Amino acid sequence: MFRVMIVDDEPLVRLAMSAIIPWSDLDCEVVAEAADGHEAWERISRQQDIDLMIVDMTMPIMDALTLLSKLQEANLAVSPVSIVLSAYSDFDFVRKAFLLGAVDYIKKANLDPEHIIPVIEKAVNQLKENTISSARLNKDNRDADLKQRESWLRGLLCDKDYMYSHNLTQDDAFSQWMLQFANFQHVLISVMPDKQNPLTNMTLEGSSDNDVHVIRIIKQGMEIVKHPYELLQIQEDELALLLCFESSTSFLNLRGHVMELLDSLRNTVKNFLNVSLSIGVAESCTDWRSWHLRYSQASSLASLRFSEGPGRVYYPETVSLHDKQLPTPYDYTVMMYLMEKGDSKWQQQLYTGLNQLCDMSNVTLENSLPIYEELIWNIGSLLHAKGMNWTHVIETRRRPYEIVEQFTFREDLHQWIEKLVFRLADLLHPDKIREENPQRLVERVKRYVEKNYCNSITLGQVSEWAQVTESHLSKQFVKETGEHFIEYVTKLRINEATRLIETDMKMYEIAVKVGYENPEHFSRVFKKYRGMSPQKYRDSYARKKD
């Protein structure tokens, strides 16, 4: 893979160039970005790892011609093939760029794959022709070094005995790598992109693509702030970020820098990908031997999203973790006894217990797992006593204990438990399950809708989730709330849209975010409920604010 650097003072241009081009199909990978020629020069001259550079002609501090001139004069061991990006029609600029080594140019007016890909392909072909065995060997060595450093970092973060089992203190290459962390304070951070559980009806699509984009956005943000850092994907839904600060930085200044950086990263990821991040920040340290302990702390803090919800940043000085096993909030055997006898009071027992669990703050799935496992054990025992097994109540061959362990949020887990227990009750006494309190049914549906209204959601989908007929749910919903289901969903969407319009988010982004794929349809619905178009509402709000 050829390593690509995009140099442009406009972040949106850099983002567009990264997103619209199928780089992997062209045997390329975008590994770096820069906002001006000086920043690009520092990166290229220091690391000499860029094969292809796409550079804007006009930029502050240092323009493309000056950068190309410095690269030509430096005679680096590895100098990138360059394509200039220009808004100018004056070919004198292009001619000068060619004289300084550029191989082609792209007009900014033609920033679409149809015009860009042939230019990239031409440059890639030249790269392949110019590649010699020694250069390839150097690249392979760099890749091997990078993989080795990633292996060291993963081991130090995830395995408390790693440095001893691999005798790292006797490894000269490891000691040389560690020198870059000397005289710094180290802050370990766990970053967890929030995704709905795959067992819920409303699942996120393209999550693997989102993971790649989250990593790229974080790297782009780190390049901007210029803090020494390491970024590593620990597992599919967790990233480790290691930040380095000068040893003289005070606690308050360090914490302020971390908060500002994380807020920026979270906002960028949310705006571009509509994905929230749950983040845990560990106490700082100065010794790499403490990394495992600190990262464990950061990961545990980020895992508090299970009880506290998505999209938050947790600091050790503001959150206390429950280290002890939590007490069982109620006796499951009473609920199971009532259910077996067909006494509808089992429902009250279930909801009382789940509500008590919801009242427990700052808990992770890990330290509350024994409570849920006890319920699973009781259900399994009752199934066995009735000559049944788990396949009668769950639609997968996976063990129920494994299913519980994969939940990210407590609310999703409780919804799954509700469905599981109601299925069990229906098996035992099919006529009794229909006696569910209508008010409780509507409350459950409202909670579900409030969480999923931003997605495509219908009365049919929700009635299937609640295990009742559409007509029954529709009648009960109107009876309990005084409004039809679709009206309730629409009001939720318009209220959220109203809040977002008072921000800088683009109108089409707001429409998609609140569940309207068609911006024109969104505008019509908004005007019906607010008496004016979304843009007029924004203008009115801006005037009142001024």
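Residues numbered from 1 in each chain as written. Predicted model: local features only at pLDDT ≥ 70, side-chain atom pairs only at ≥ 80, totals over all residues. Heavy atoms only, no water.

(A) Inspection of the overall build of the chain at higher detail. A count of helical and extended segments in the chain gives 24 helices and ten strands. Along the first, second and third principal axes, the C-alpha atoms of the chain reach 90 × 65 × 45 Å. For the chain, restricting intrachain contacts to residue pairs at least 6 apart in sequence, the fraction spanning at least 24 positions comes to 70%. Total accessible area computed for the chain in this model is approximately 27800 Å², and 48% of it derives from carbon and sulfur atoms. Taking the average place of the 62 positive charges on the side chains of the chain and the average place of its 79 negative ones, the gap between the two points comes to 5 Å. (Helix = DSSP H or I, 4+ residues; strand = E, 2+ residues; numbered from the N terminus. Contact = heavy atoms within 4.5 Å. Areas by Shrake-Rupley, 256 points an atom, 1.4 Å probe, with all protein chains shown as cover. Lys, Arg positive; Asp, Glu negative; His and termini not counted. Charge placed at Lys NZ, Arg CZ, Asp CG, Glu CD.)

(B) Spatial organisation of the pattern of salt bridges. The tally for this structure, following the rule as stated, stands at 21 salt bridges. Linking Lys-108 and Glu-10 is a salt bridge whose minimum nitrogen-to-oxygen distance equals 3.3 Å. With Lys-108 in the loop between β5 (102–107) and α5 (113–130) and Glu-10 in the loop between β1 (2–7) and α1 (11–20), the pair connects residues that are 98 residues apart, well separated along the chain. With relative accessibility at 38%, the residue Glu-10 sits in the partly exposed group. We note a salt bridge from Arg-447 to Glu-418, for which the minimum N-O separation is 3.3 Å. Of the two residues, Arg-447 is situated in helix α18 (residues 438–452) and Glu-418 in helix α17 (residues 410–428); the sequence distance between them amounts to 29 residues. Judged by its relative accessible area of 32%, Arg-447 is partly exposed. Connected via shared salt-bridge partners are Asp-8, Glu-10, Asp-56 and Lys-108. (Salt bridge = Lys/Arg side-chain N within 4 Å of Asp/Glu carboxyl O. Buried < 20%, exposed > 50% of the residue type's maximum accessible area, 1.4 Å probe, protein only.)

(C) The sheet that holds β1, seen in detail. With parallel pairing, the five strands of this open sheet are ordered in space as β2-β1-β3-β4-β5. Only two strands of the sheet have a single partner each, and these edge strands are β2 (28–34) and β5. Each neighbouring strand pair of the sheet contributes to a mean axis angle of 20 degrees, computed without reference to strand direction. As paired elements, strand β3 (residues 52–56) and strand β4 (residues 81–86) share five bridges and run parallel to each other. Across the sheet, Val-55 pairs through a bridge with Val-84, a residue of β4. The sheet contacts of helix α4 (residues 91–99) involve β4 and β5, and relative to β5 the element is tilted by about 155 degrees. (Pairing = 2+ DSSP bridges. Axes fitted to C-alpha atoms, helices over the stretch in contact; angles between N-to-C directions.)

(D) Geometry of the packing of aromatic side chains. Applying the stated criterion across every chain, the model contains 15 aromatic pairs. Between the aromatic rings of Trp-177 and Phe-181, the centroid separation amounts to 5.3 Å while the plane-to-plane angle is 90 degrees, which identifies the pairing as edge-to-face. In this structure, Trp-177 and Phe-181 share a single accessibility class: buried. Between the aromatic rings of Phe-477 and Phe-485, the centroid separation amounts to 5.8 Å while the plane-to-plane angle is 75 degrees, which identifies the pairing as edge-to-face. Summarising the burial analysis for this pair, Phe-477 and Phe-485 share the class buried. Among the aromatic residues, those joined into a cluster by ring pairs are Trp-152, Phe-174, Trp-177, Phe-181, Trp-288 and Trp-291. The ring of Trp-41 has Lys-70 lying over it, and the distance from NZ or CZ to the ring centre is 4.8 Å. Above the ring of Tyr-516, the side-chain terminus of Arg-493 is found at 5.3 Å from the ring centroid. (Phe/Tyr/Trp six-rings, centres within 6.5 Å; stacked < 30°, edge-to-face > 60°. Lys NZ or Arg CZ within 6 Å of the ring centre and 35° of its normal.)

(E) Highlighting the side chain of Ser-276. Here Ser-276 lies in the loop between α10 (251–273) and β9 (277–281). Residue classification places Ser-276 among the buried positions, given a relative accessible area of 18%. Reaching out from Ser-276, the side chain makes a polar contact with the side chain of Asp-194 at a distance of 2.7 Å. (Polar contact = N/O pair within 3.5 Å; in protein donor to acceptor, adjacent residues only side chain to side chain.)

(F) How the structure looks around the pairing of β9. Counted residue by residue, β9 has five buried out of five residues, so it is predominantly covered. Taken together, the five bridges between strand β6 (residues 184–193) and β9 define a ladder with antiparallel strand orientation. Within the sheet, the bridge partner assigned to Pro-193 lies in β9 and is Leu-277.

(G) Representation of the packing of helix α3 (residues 64–74) against α4. Contact geometry for α3 and α4: axes closest at 9 Å, N-to-C directions at 15 degrees. For the element pair α3 / α4, the angle class is roughly parallel. Taken as a pair, α3 and α4 cross one another with a handedness that is left-handed. Within the contact between the two elements, α3 uses Leu-65, Leu-68 and Gln-72 and α4 uses Phe-93, Lys-96, Ala-97 and Leu-99. (Parallel < 35°, antiparallel > 145°, perpendicular 65-115°, else oblique. Left-handed = near helix turned anticlockwise from the far one by under 90°.)

(H) Quick peek at the packing of helix α13 (residues 332–341) against helix α15 (residues 365–385). For the pair α13 and α15, the least separation of the axes is 10 Å and the interaxial angle reads 30 degrees. Accordingly, the angle class assigned to the pair α13 and α15 is roughly parallel. The chirality of how α13 crosses α15 is right-handed. Residues Tyr-332, Thr-333, Met-335, Met-336 and Glu-340 of α13 pack against Ile-371, Glu-374, Leu-375, Asn-378, Ile-379 and Leu-382 of α15. When grouped by side-chain class, the residues that make up the contact of α13 with α15 number seven nonpolar, two polar and two charged. (Nonpolar A, V, L, I, M, F, W, Y, C, P; charged D, E, K, R; others polar.)

(I) Seen up close, helix α19 (residues 459–466). Among the residues of α19, Val-462, Ser-463, Trp-465 and Ala-466 are the ones counted as buried. For α19, the buried positions fall inside an angular range of 160 degrees around the axis, keeping them on one side. Just beyond α19, the residue with positive phi is Gln-467, at close to 65 degrees. (Arc of directions from axis to C-beta.)

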